[in-house]
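Architecture at a glance
So the chains spell out like this:
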Protein chains: 2
Amino acid sequence: FLKLVLRVWKFLKKAWDVAVDDPRKVIHCLKVGLALSVVSLFYYMRPLYQGVGGNAMWAIMTVVVVFEHTVGATLAKCINRGAGTFLAGSLGVGVNWVAGHSREFEPIILGASVFFLASAATFSRFIPSVKQRFDYGAMIFILTFSLVSVSGYRVDKLLDLAQQRLSTIAIGASMCIIITMLVCPIWAGQDLHVLVTRNMDKLANSLDGCVAEYFEDSTSPSDKEEESSKKLQGYKCVLNSKATEESLANFAIWEPAHGRFSFRHPWVQYLKVGAAMRNCGYCIEALNGCIAINSETQAPQFVKNHLSEVCMRLSSHSSNVLKELAQMTKSMKKSTKIDFAIGEMNGAVLDLQDALKSLPTQLTPPPQTNTAVLAPTAVPLIEVAPLVTVASLLIEIAS
Amino acid sequence: FLKLVLRVWKFLKKAWDVAVDDPRKVIHCLKVGLALSVVSLFYYMRPLYQGVGGNAMWAIMTVVVVFEHTVGATLAKCINRGAGTFLAGSLGVGVNWVAGHSREFEPIILGASVFFLASAATFSRFIPSVKQRFDYGAMIFILTFSLVSVSGYRVDKLLDLAQQRLSTIAIGASMCIIITMLVCPIWAGQDLHVLVTRNMDKLANSLDGCVAEYFEDSTSPSDKEEESSKKLQGYKCVLNSKATEESLANFAIWEPAHGRFSFRHPWVQYLKVGAAMRNCGYCIEALNGCIAINSETQAPQFVKNHLSEVCMRLSSHSSNVLKELAQMTKSMKKSTKIDFAIGEMNGAVLDLQDALKSLPTQLTPPPQTNTAVLAPTAVPLIEVAPLVTVASLLIEIAS
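Residues numbered from 1 in each chain as written. Chains lettered and ligands numbered in written order. Predicted model: local features only at pLDDT ≥ 70, side-chain atom pairs only at ≥ 80, totals over all residues. Heavy atoms only, no water.

**Some words on the overall build of chain A**
Helix and strand counts for chain A come out as 15 helices and zero strands. In the structure as shown, chain A presents an accessible area of about 18800 Å², 64% of it carried by carbon and sulfur atoms. (Helix = DSSP H or I, 4+ residues; strand = E, 2+ residues; numbered from the N terminus. Areas by Shrake-Rupley, 256 points an atom, 1.4 Å probe, with all protein chains shown as cover.)

This is how it looks when you write it as structure tokens:
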């Protein structure tokens, strides 16, 4: 019994952590509750309401299914639902009319049409470009079409029914849109923007921390080390944020102008920047791996000393570039400092290459060495270059 | 107009590619069509059927919403839907009973209960452990509860209604389960297994191709090169397959015993193997980056010659280990060759380290060099080690 209490307690604690971590999630929950109770009360009070089978159901169902965390997702689902219902409804009425005129084949025609259209719509959900935007719409299409063709009413009654259903869905959907956009809206575009800039900062910090940890004397106090290792792990977030970025960008496309973003903001550019950042992240990962391996087989101290200054300078310059880029993306203005910072970084890259070339001559006295280990530092820095170009592209388009 | 035709043609061609690429998708579509037309004909023929508002709707809706590509996903949704409906239904009847006994506060009690339960259920969907398994169930819970509390019937009639709804949902769900499991079943577990083993092979090929490309003379014919560059890109699939792996593993948990997999197959181990493979992939990515940069600043030929033999041997040994592992995972038997292959790989790692150490002494005559470039080859190979341990762990559990 105590075990059960402990598990419940753990679960509640986890839930509390989620709430503290992002209070907007709590607000979203309250919004859903609000929308639902408004819709249900609306129908509960109205005298023209009759039973569960009536129209109220469709409004409530629409709210439950359509209400999503971000404005973009809600809008996308509303539009998909509306379009799917309308298309399938009109098609269903047509098929019913045809079937009604051929009395004896009616079940066969209806069954065959359901079979073929359902298969075709299901297949269309596998096509990437459809899946990305109209997945939900295709599902609603199948649902509505089967319902209409099974209903077996005469056409004039069907039209009446369809009109009622569309209007209730419209009520539910407009309720969702109003509440999601007016009460503390959560914009997918804004989220994407923040995610990308925060990831840039994290990359810069990881890069700094990684190089510093290698060259630093290990005499620093341990509590500072813990914090720095936390910083160091920041690049892992960058590696894992691909799916989030894609879904956010996908929703952001549906959003109207908000804040500093216009309607046709180039969201796809954010994905490109994200991909470039992930490339940087891979390099940092490899760098980290080298450091982990070589903490055992230490390179001789004097080699380290020879290279440490150049490497540190290079890493600080390139993390400066990243930070500057993050700042630039945040303010959406092209800053003049960035060209200067890039120039400095490129200079540092050349310096490191020179230092590496001059290394073997100095090494000849003691032939054992792990110089090779140091080389990978050069790699992420050189790979930063494409990121820079992509980002500046974005900035030019955005501003 | 010609443009429109061209676009439609392109779209159809893409759809055809999808179909050819994975014929099981087409079969899945036909299965959905079959299930839907069986259910709708079933209801269409039965005399006890009355109008759209009737029960047929719920069976059809269940089929449309619940039928998924893999068996595991379908089962998970069926169970979620059943449990969510049952829980919310009984709770809703209870709340209705309480509200019915306090005449004047009825709308307030109902509205408040909808608000609080909907908020709580929406919040629970944000908690990772709930989201992973019961996301759909929570949604159905909200939906059913609001529908029941809005219906405003007396309790005895509600019980009748609830029983009808549950039975129609059961009909729809059992139809889905029967069709998905008997007609060409697509098992998530099987898919996951194949994905992981294929990714291992891809990694091995990329590693081979990458190292070979660097050391090989560039006199090979261009068509062979194209194929090899395709192989080389294989590791990118590994990097991007995280989300797929996770969702497959998540569905596989729900599946009963099938093929060579028992009910409680350790699917989580596959995720660990996937993570280890992704680490290897990062290394290959870094390696690739080095090669791209150094195709301009070529290392002197004699350095290459000195190292090429050792590096090639190391890469072929370690890709052998990967291939052996893939073979082992495929057959789910611990092979005796693997220990031998690992031993050979470790020997090759030591050889490479020796070669790197002896390099500077040989280099002294011409002091310019890019030896550093070659070092990263050592990294992925050393990083293969954790993969090996994880995989052998899996094999021991599985067999």
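Having seen it, we continue.
**What about the pattern of salt bridges?**
Where charged atoms from two side chains of opposite charge come close, those side chains can pair. Residue and element names in this part refer to chain A. Evaluated as defined, the whole model comprises 10 salt bridges over all chains. The partner of Arg24 in a salt bridge is Asp191, and the shortest N-O contact between them spans 3.1 Å. Remark: Asp191 occurs in helix α8 (residues 188-215) and Arg24 occurs in helix α2 (residues 23-45); sequence separation between them is 167 residues. Note on Asp191: relative accessible area 18%, which makes it buried. Connected via shared salt-bridge partners are Asp22, Arg24 and Asp191. (Salt bridge = Lys/Arg side-chain N within 4 Å of Asp/Glu carboxyl O. Buried < 20%, exposed > 50% of the residue type's maximum accessible area, 1.4 Å probe, protein only.)

**Side note on the environment of Gln190(A)**
All names here are of chain A. By secondary structure assignment, the location of Gln190 is in helix α8. Residue Gln190 is classed as partly exposed on the basis of its relative accessible area of 30%. Once the C-alpha coordinates of Gln190 and Cys237 are considered, the two residues, 47 residues apart in sequence, prove to be 18 Å apart. Apart from residues no more than four positions distant in its own chain, Gln190 is found in contact with His258 and Phe261. (Contact = heavy atoms within 4.5 Å.)

**Some details on the packing of aromatic side chains**
Taken as a whole and judged by the stated rule, the model has six aromatic pairs over all chains. With centroids separated by 6.4 Å and ring planes inclined at 10°, the aromatic side chains of Phe141(B) and Phe145(B) adopt a geometry described as stacked. Residue Phe141(B) and its partner Phe145(B) are both found in helix α6 (residues 128-151); the two are separated by four residues, about one turn of the helix. Each member of the pair, Phe141(B) as well as Phe145(B), carries the same accessibility label: buried. Over the face of the ring belonging to Tyr136(A) we find Lys77(A), whose NZ or CZ atom lies 4.8 Å from the ring centre. (Phe/Tyr/Trp six-rings, centres within 6.5 Å; stacked < 30°, edge-to-face > 60°. Lys NZ or Arg CZ within 6 Å of the ring centre and 35° of its normal.)

**A word on the packing of helix α4 (residues 71-100) of chain B against helix α5 (residues 106-124) of chain B**
Residues and elements named next belong to chain B. The interhelical angle for the contact between α4 and α5, taken along N-to-C directions, is 150°, at an axis separation of 9 Å. In terms of orientation, α4 lies roughly antiparallel with respect to α5. As α4 runs across α5, the sense of the crossing is right-handed. Residue-level inspection shows Leu91, Val95, Asn96 and Ala99 of α4 in contact with α5, the latter providing Glu106, Ile109, Leu110, Ser113 and Leu117. (Axes fitted to C-alpha atoms, helices over the stretch in contact; angles between N-to-C directions. Parallel < 35°, antiparallel > 145°, perpendicular 65-115°, else oblique. Left-handed = near helix turned anticlockwise from the far one by under 90°.)

**Let's talk about the packing of helix α4 (residues 71-100) of chain A against helix α6 (residues 128-151) of chain A**
Residues and elements named next belong to chain A. Taken N-terminus to C-terminus, the directions of α4 and α6 make an angle of 30°; their axes are 7 Å apart at the nearest point. The angle between α4 and α6 falls in the class roughly parallel. In the crossing of α4 with α6, the sense of the turn from one axis to the other is right-handed. Residues belonging to the contact of α4 with α6 are distributed by class as follows: 11 nonpolar, 10 polar and three charged. (Nonpolar A, V, L, I, M, F, W, Y, C, P; charged D, E, K, R; others polar.)

**As for a nonpolar patch on the surface**
Residue and element names in this part refer to chain A. Judged by side-chain polarity, Phe1, Leu4, Val5, Val8, Trp9, Phe11 and Leu12 come together as a nonpolar surface patch covering roughly 800 Å² of accessible area. Relative to the helices and strands, Leu12 resides in helix α1 (residues 2-21). On the accessibility criterion, Leu12 (48% relative accessible area) is partly exposed. (Patch = residues over 30% accessible without salt bridge, like charges linked within 9 Å, V, L, I, M, F, W, Y side chains within 5 Å.)

**Remarks on the side chain of Thr122(A)**
Assignment of secondary structure puts Thr122(A) in helix α5 (residues 106-124). For Thr122(A), the contacting residues outside a window of four places in its chain are Ile142(A), His28(B), Cys29(B) and Val32(B).

All quantities given are derived from atomic positions and should not be read as evidence of function.
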